[in-house]
Amino acid sequence: MIIERYLILGWAFSVSTFELCAQQYLLSTLAGSGTIGSRDGPALTAQFYYPFQACVDPAGNLYVSDTFNNVIRKVTPAGIVTTLAGLAGSQGNMDGQGSTARFYHPDGIVATKAGDLYVSDAANYTIRKVTQDGVVSTFVGKAGASGSVDGIGSEARLSGGELNSDSEGNLYLVDVDNRRIRKVTMSSVMTTIAGPAGFYDPRGIALASDGTIYVADGGGHTIQKVTSDGTITIFAGKASTPGSQDGVGTAARFSNPQGIAIDDLGNLFVANLGNNTIRKITPTGVVTTIAGIADGTYGYVDGVGSVARFNAPYGVAVDQRGNLYVADTKNNVIRKGTPIPPSMQIYPARSKLAVAWPLWASNFVLEGNVNLSVAVGLNNSWLGITNGIFSDTNSSNFIYSFPATNSAQIFRLRNQ
């Protein structure tokens, strides 16, 4: 477990809590050469054309809605890219197997526990089912007939958007043009469960294990929370107030968030399109930027944290091991964010203490894993303070004599 905070204890001043760092990720290119095309084959020589969304199945296969190629692509754990369904460069609406099927700008995509894929075929106004063998059938809606009508199968009317599913296989669709959240049972029954009031421009959707729905409201620049009774509240960000600030809940700012995913611990990951960043939101609403930098520029750079660069990240997915997958749309690649082990993480200096300390010994009380070895450093050096190992009480004290000075002290912490 990563050490998340520490307390500075002393005499005649209050206790202060400081965040140290979030989980860090190494961003690398998983698939795509970066040039527009439709080539299958080894992942890094394969080509995509504006991939918008991605999902992962229980076996670790990644599926991509290769939107402008009008196909569904598969990336195996061994790094081989194939076209599962559709024919690149041929848009349309046709059920069938493999290259005989046709899509028209497929967008949202989700893999259910049963192993089937469901695709929001946006410009056809339908939801399509795709089996592991590439057999495509129309599940809900009627091609060419948009609308917002609840119903069964081809009687229902919808627009397009991101998809997700629950443990029972029910689908949840962000019906973008209608500003609604729609539910589709495995019997193809579509109902409206939230909206349009409360949404401005809903885009991405994620489902928590307790049934709570989280929606990335792109044009509203917020992350919305939808409870089981349909109540909509702002979970993070401020309505109609774009920005890039990290913070807690409504103190944070987003700029046109799109795709959203949730891990087994309840953490949300957001493709923050307008900032070209990936953001993380804890279950308590703490927002941090974990990849990219919101400096008004875009690019294509692999690396850790703020070193990474994106160009219009639309989709994000997370697997059971905590790996992230980003549809880096205008770079025409799929990026992978691999969690960095605690022993390899670099902890930034976060706390500045500007206090006239008398010459006494004061204790750092750190919280972390039992038997985890850590080092405490002052300013830009890891030398001069101490190393230690957490005890069976899940904490450890570090003694340091603060100098009698008004200068700021910057303390750092890292795992050994």
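All of these numbers come straight from a predicted model, not from anything done at the bench.

### Looking at the environment of Val-56
Phase 1: With respect to the element layout, Val-56 can be found in strand S5 (residues 51–56).
Phase 2: As a C-alpha pair, Val-56 and Val-318 span 262 residues in sequence and 7.4 Å in three-dimensional space.

### Focus on unusual backbone geometry
Phase 1: Gly-195 connects to Pro-196 through a cis peptide bond whose omega is 5°.
Phase 2: When you line up the elements, Pro-196 lands in the loop between strand S18 (189–194) and strand S19 (202–207).
Phase 3: At Arg-179, a residue that is not glycine, the phi angle is positive and equals roughly 55°.
Phase 4: Examined against the element boundaries, Arg-179 turns out to sit in the loop between strand S16 (171–175) and strand S17 (180–184).
Phase 5: Judged by its relative accessible area of 32%, Arg-179 is partly exposed.

### Here's the deal with the sheet that holds strand S22 (residues 232–237)
Phase 1: Pairing within the open sheet is antiparallel, and its 4 strands lie in the order S19-S20-S21-S22. Edge positions in the open sheet fall to S19 and S22, since each of these has one partner strand only. Strand-to-strand twist in this sheet, taken as the mean axis angle between neighbours without regard to direction, amounts to 30°.

### What to know about the nonpolar core
Phase 1: The biggest cluster of nonpolar side chains holds 15 residues, and the ones touching the most others in it are Tyr-214, Ile-223, Phe-254, Ile-260, Leu-268 and Ile-281.
Phase 2: Only strand S20 (213–217), S22, strand S24 (257–262) and strand S25 (268–272) provide two or more residues apiece to this core.

### Quick look at the pattern of salt bridges
Phase 1: The final tally for this structure, using the stated rule, is 11 salt bridges.
Phase 2: One salt bridge in this structure joins Arg-128 and Asp-95, with 2.9 Å as the shortest N-O distance. You can see Arg-128 sitting in strand S12 (residues 126–130) and its partner Asp-95 sitting in the loop between strand S8 (80–85) and strand S9 (96–97), a full 33 residues away along the chain.
Phase 3: A residue is classified by how much of its surface remains accessible, and Asp-95, at 40% relative accessible area, is partly exposed.
Phase 4: The partner of Asp-201 in a salt bridge is Arg-203, and the shortest N-O contact between them spans 3.2 Å.
Phase 5: The class for Arg-203 is partly exposed, based on a relative accessible area of 30%.
Phase 6: Through salt bridges that share partners, Asp-40, Asp-66 and Arg-73 make up one connected network.

### Points about the pairing of S17
If a strand is regular, its side chains alternate between the two faces of the sheet.
Phase 1: Two strands pair when backbone bridges link them, and S16 and S17 are joined in this way by 5 bridges, in the antiparallel orientation. Note that in S17 the partner of Val-174 across the bridge is Ile-181.
Phase 2: Hairpin connection of S16 to S17: 4 residues between the antiparallel strands, including Arg-179 at a positive phi of 55°.
Phase 3: With 4 bridges connecting them, S17 and S18 associate as antiparallel partners. Bridging across to S18, Arg-182 finds its partner in Thr-192.
Phase 4: Where S17 hands over to S18, the hairpin turn is made up of 4 residues, of which Ser-188 adopts a positive phi near 70°.

### Considering the sheet that holds strand S31 (residues 333–339)
Phase 1: One open sheet accounts for 5 strands, arranged S28-S3-S31-S30-S29; its pairing is antiparallel. Looking along the sheet, the strands with just one partner apiece sit at the ends: strand S28 (303–304) and strand S29 (313–318).
Phase 2: Pairing between strand S30 (residues 324–328) and S31: 5 bridges, direction antiparallel. Residue pairing in the sheet places Asp-328 in a bridge with Val-333 of S31.

Definitions and cut-offs
- Residues numbered from 1 in each chain as written.
- Predicted model: local features only at pLDDT ≥ 70, side-chain atom pairs only at ≥ 80, totals over all residues.
- Heavy atoms only, no water.
- Helix = DSSP H or I, 4+ residues; strand = E, 2+ residues; numbered from the N terminus.
- Buried < 20%, exposed > 50% of the residue type's maximum accessible area, 1.4 Å probe, protein only.
- Pairing = 2+ DSSP bridges.
- Axes fitted to C-alpha atoms, helices over the stretch in contact; angles between N-to-C directions.
- Core = buried A, V, L, I, M, F, W, Y, C linked by side-chain atoms within 4.5 Å.
- Salt bridge = Lys/Arg side-chain N within 4 Å of Asp/Glu carboxyl O.

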